[in-house]
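# Observations on the model geometry
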Amino acid sequence: IGTDVGDMFENLEMPYEMVPEIHKICKKNNIMFMSSVFSVEDAKKIDPFVEIHKIASYEINHVRLLEFVAKTEKPVIISTGASTYEEIDFAVNLVKNYNDKITLLQCTAKYPAPIESLNLSVIPELAKR
């Protein structure tokens, strides 16, 4: 209580300087390094170290971020947890303008997620769309 939300997030975010070292450790241990990005600046800093980009569901309407990661021509994973079908369609179509390597991740924006909130039955509808 009494903590500014911006300060709290700044305290918890990973400094860009850590990315090369984490990438190096992952590579040494045969682990594919991946990081969700929340801004174009994040994506620019992370891009040289990832083979795939991950977009959090809260960023599904972030046009400039989607365009940037799509233009890298690397595969893009888009989380859908807090999204409507219209938002998902918009994001997929935007990315497809530059890149057809898209995976949708059905997720729940509540952690830990109770089983009844997983909504896994939406997966066939997402595949059909």
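Since the structure is predicted, the reported quantities are computational estimates derived from the model, not experimental observations.

Spatially, four strands are ordered β1-β2-β3-β4 in an open sheet, and the strand pairing comes out parallel. The sheet is open, and its two borders are formed by β1 (36–37) and β4 (102–105), each paired with just one other strand. Against the sheet, helix α4 (residues 63–71) engages β1, β2 (53–55) and β3 (76–79), with an angle of about 160° to β2. Packed onto the sheet, helix α5 (residues 85–96) meets β3 and β4 and runs at close to 160° relative to β4.

Here N30, not a glycine, exhibits a phi torsion of approximately 55°, which is positive. Tracing the backbone shows N30 in the loop between α2 (19–28) and β1. Even without being a glycine, E73 presents a positive backbone phi close to 65°. In this structure, E73 sits in the loop between α4 and β3.

Counted under the stated rule, the structure contains five salt bridges. Across the pair K128 and E125 runs a salt bridge whose closest N-O atoms are separated by 3.3 Å. Pair noted here: K128 and E125 are both in helix α6 (residues 123–128), with a separation of three residues, about one helical turn. Close ionic contact of E125 with R129 constitutes a salt bridge, the shortest N to O distance being 3.5 Å. Judged by its relative accessible area of 23%, E125 is partly exposed. Assessed through its relative accessible area of 45%, R129 is described here as partly exposed.

Reading guide: rules and limits
- Every residue gets a number counted from 1 within its own chain, in the order that chain's sequence is written.
- With the structure being a predicted model, the display of local features is reserved for residues of pLDDT at least 70 and the display and counting of side-chain atom pairs for 80 or more, all residues being used for whole-chain, interface and lining totals.
- Water and hydrogen atoms were dropped before computing side-chain values, which therefore reflect all heavy atoms in the structure.
- Whether two strands pair comes down to DSSP finding at least two bridges between them.
- Elements are defined by DSSP. Helices are runs of H or I of four residues or more, strands are runs of E of two residues or more, and each kind is numbered from the N terminus.
- Contact between two residues is taken to exist if any of their heavy atoms lie within 4.5 Å; hydrogens are not considered.
- Helix axes are fitted only over the stretch in contact, all axes being lines through C-alpha atoms; the angle between N-to-C directions runs from 0 to 180 degrees.
- Any Lys or Arg side-chain nitrogen found within 4 Å of a carboxyl oxygen on Asp or Glu counts as a salt bridge.
- Throughout, exposure labels follow a simple rule: accessible area from a 1.4 Å probe, protein chains only, divided by the maximum for the residue type, with under 20% read as buried, over 50% as exposed, and the rest as partly exposed.

Without other data, these values stay purely geometric and don't point to any function.
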